[in-house]
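Coordinate inspection notes
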Amino acid sequence: MPGSRSVLVVLLAFAVAPLAFRHVRTLDGPLHVLHADHLAHTLAGDAPGGHGLVVDLSRDLPRATDLIALPVLRLAGPFAAQRALVVVAMGLVLLASWCMVRRLNPTNPWASLLVLPVATGQLLLHGFFGFLLGTACAVLAWDRWCAWREGGRRWMVALGFALAAAWCHRSAPLLLVLLVTWSEVLRQRGPGNRRGWWALGLGVSLACAAMPVWQALQRTPLEPARTVDPWAAVLGLHPLVLLDAEAERPLLLATAALLLALWAIARRSGRSAAHRADVVLWGLAGVMLAVALLVRTRMSGLLYLPDRALWLALLLFALGVAVRLPARRVAFVLLAGLCLLHGARLLLLERRWAPYAAAQNDMEAVARSLPTNRVVAVAHRGSDWLLHNAAADLCTLHDGLVLAGRGDHWYARGTPQAERMRVLLAGRMCDGYWLRHMARTPSERFVDAVLVLGPDTGATDACAGAWAPTLRMAMDTVLHRPNAVLHQWR
């Protein structure tokens, strides 16, 4: 199908666009790359560290993102691995959408362009790659399920995608079960047993909703650092916001207008898709919207449950429009406008990401200056959330051990040095006692250097503030960069 292949080329061109960006930075991306680095050390049978302290690798189990990040990490470094995760996550969402639209709406494969703005948004910047990959695999599994129900031997492919979705993220099987259940309810219901089928669909939906709702009601171990008004998030298309809501507002308003116009065309002129897929997708979009609006607890905020549900609602809505959109000239014009708007959003994102290249250069300079097998403690400056997990970049660049209060960078127990270090820290890394003790007792200086990450103009965090007196009295500044300052013992 030539038209379908042309659409795929356009989608892939947008997906690989970040490869040409000057810099790519996500919130959890460094942690995914660090996990792949830990897996590589586990497979090699070693662990980075120094002074009898080694990285704790006991809790690192293989993830789907490791298959993407690990080869690129070994070939091109951690920053290229994070770029690859962004491209693959965005590309797989677009590929799944294209596969579904090509089968359910063969007269207008260009309708899959509707998913372009949804595939690039807030969840991608957060680095929720497992969630994005799992959702794409769930959509592919449901598409193959519907194809198998039409006839053929595609159930093995559907099962394969279902298993891949379960491996990528624990919430993906719930989405798949809901899609399959409601499509079967609409397919099998008849005049005599309509109530029974709808009761089955409702029961399965409630069962699938039990786990995320139960998680959302748990007592949160931390206080979420943000509060988002649910209605403002819905009306402001929060899942599509990249890094600057004010600068992106005209683009978001135009995108919303085009989506609504295409939905109106699909409702007025389009025909219902096979298995009433449009009804299934729009119905589940309404369910996800209700979850985003009603499930508002501290734990749900910590798990980003409303953000994930709202993004799913927008994705399912766009897919529902795409599988029903007729091949009309006005629809093609609106889709072309949507592509232009998405291109403008990507250009704006590239401009917002580019300044973070300076932080990457400073990080690489610090990693080169560190001796091998050394232990480094990390503090932070500033409140830039994209630099929150910057210590994970240092972990992948440095062959020693990095201690940081943010993230999950810690050391294994078992050695005398590790047990002594736990006594000194006593679970309070940022009170500064352990650093003052090492200044007074050179024989117990298990930490070789202290690195303060973040811009010079940023306010220090609790660790940097507590360590400052010891840094001035007992340590020298051996490297000073605008985004990183390295201190070592005199």
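Scroll up to find the structure.
Described below are features of the structure shown in this document. Small disclaimer: the values here were computed from a predicted structure and weren't measured. (Residues numbered from 1 in each chain as written. Predicted model: local features only at pLDDT ≥ 70, side-chain atom pairs only at ≥ 80, totals over all residues. Heavy atoms only, no water.)

Here we look at the overall build of the chain
The line we're drawing: Helix numbers and strand numbers start at the N terminus; a helix is a DSSP run of H or I with at least 4 residues, a strand a run of E with at least 2. Only protein chains enter the accessibility calculation, which uses a 1.4 Å probe; a residue is then buried when its area is under 20% of its type maximum, exposed when over 50%, and partly exposed in between.
A count of helices and strands for the chain gives 21 helices and seven strands. Across the 490 residues of the chain, 54% fall into the buried class.

A closer look at the packing of aromatic side chains
Rules: The aromatic pairing rule takes the rings of Phe, Tyr and Trp, using the six-membered ring of Trp, and pairs them if the centres are within 6.5 Å, calling planes under 30 degrees apart stacked, those over 60 edge-to-face and the rest tilted. Comment: the charge-over-ring label is applied if NZ (Lys) or CZ (Arg) is within 6 Å of the ring centre and within 35 degrees of the ring normal.
Inspection of the entire model under this criterion finds four aromatic pairs. Seen from their ring centres, Trp-434 and Trp-467 are 5.4 Å apart, and the 85° between their planes marks the pair as edge-to-face. In this pair, Trp-434 is assigned in helix α20 (residues 433-440) and Trp-467 in helix α21 (residues 462-474), connecting sequence segments 33 residues apart. Each member of the pair, Trp-434 as well as Trp-467, carries the same accessibility label: buried. Over the face of the ring belonging to Phe-131 we find Arg-308, whose NZ or CZ atom lies 5.1 Å from the ring centre. One Lys or Arg, Arg-445, reaches over the ring of Trp-489 and ends 4.4 Å from the middle of that ring.

A word on the side chain of His-23
We apply this condition: Under the rule applied, a polar contact is a pair of N or O atoms within 3.5 Å (in protein, one hydrogen donor and one hydrogen acceptor; residues adjacent in sequence only if both atoms are side-chain atoms). Throughout, a contact is declared for two residues whenever any of their heavy atoms are within 4.5 Å.
Along the polypeptide, His-23 turns up in the loop between α1 (2-15) and α2 (29-44). A polar side-chain atom of His-23 sits 2.8 Å from a polar atom in the side chain of Gln-360. Once you skip the residues sitting within four places of it in the chain, His-23 turns out to touch Phe-79, Arg-83, Trp-353, Ala-354, Tyr-356, Ala-357 and Gln-360.

Examining the packing of α2 against helix α3 (residues 64-76)
Heads up, the condition is: Think of each axis as a best-fit line through the C-alpha atoms, taken over the contacting stretch in the case of a helix, with angles from 0 to 180 degrees between the N-to-C directions. Note on terminology: angles under 35 degrees are roughly parallel, angles over 145 are roughly antiparallel, angles of 65 to 115 are roughly perpendicular, and the others are oblique. Side-chain classes are defined by residue name, with Ala, Val, Leu, Ile, Met, Phe, Trp, Tyr, Cys and Pro counting as nonpolar, Asp, Glu, Lys and Arg as charged, and the others, Gly among them, as polar.
Two elements in contact, α2 and α3, have axes separated by 8 Å at closest approach and are oriented at 75°. Taken as axis vectors, α2 and α3 run roughly perpendicular relative to one another. In this structure, α2 contributes His-32, Val-33, His-35, Ala-36, Asp-37, Leu-39 and Ala-40 to the contact, and α3 contributes Thr-65, Asp-66, Ala-69, Leu-70, Leu-73 and Arg-74. Taken together, the residues that form the contact of α2 with α3 break down as seven nonpolar, three polar and three charged.

Digging into the nonpolar core
Put simply, the rule reads: Nonpolar cores were defined as sets of buried Ala, Val, Leu, Ile, Met, Phe, Trp, Tyr and Cys residues, with membership established by side-chain atoms within 4.5 Å.
If you look at the biggest cluster of nonpolar residues, it comprises 110 residues, and the most contacted ones within it are Leu-114, Trp-142 and Leu-325. By residue number, the principal contributor to this core is helix α4 (residues 78-104), which donates 15 residues. If we ignore the near neighbours within four places in the chain, the residues touching Leu-114 are Leu-259, Leu-262, Ala-318, Val-321, Ala-322, Leu-325, Leu-335 and Leu-338. Core analysis: the second largest hydrophobic core is formed by 28 residues, Leu-53, Leu-57, Ala-379 and Leu-425 among them.

Points about the state of the cysteines
Operational definition: We call a pair of cysteine sulfur atoms a disulfide whenever their separation is within 2.5 Å.
Under the definition given, this model contains one disulfide. Residue pairing for Cys-430: its cysteine sulfur links by disulfide to Cys-463, the two sulfurs lying 1.7 Å apart. Across the disulfide from Cys-430 to Cys-463, rotation about the S-S bond amounts to roughly -55°, and the bridge is consequently left-handed. Of this pair, Cys-430 sits in the loop between α19 (416-425) and α20 while Cys-463 sits in helix α21, and the two are 33 residues apart along the sequence. Classification of Cys-430 by relative accessible area gives partly exposed; the value is 30%. Its sulfur unpaired, Cys-168 is 4.3 Å from the next cysteine sulfur, which belongs to Cys-137.

Focus: the layout of surface pockets
This is how the line gets drawn: Cavities and pockets are defined on a 1 Å grid built over the protein atoms alone: a cavity is a set of grid points where a 1.4 Å probe fits but cannot escape, while a pocket is an open set with protein on both sides within 12 Å along at least five of seven lines, and lining residues are those with an atom within 4 Å of any such point. Grid points are joined across faces, edges and corners, and a volume is the space filled by probe spheres set on the points.
Its volume calculated, the second largest pocket comes out at about 630 Å³. Lining the second largest pocket are 25 residues; nearest its centre among them are Ala-233, Val-234, Leu-235, Gly-236 and Leu-237. For the lining of the second largest pocket, the secondary-structure elements that each account for two or more residues are α11 (230-235), α12 (245-269), α13 (277-294) and α15 (305-322). Considering every element that reaches the lining of the second largest pocket, the biggest residue donor is α12, with seven residues. Here the residues of the lining of the second largest pocket sort into 20 nonpolar, three polar and two charged.

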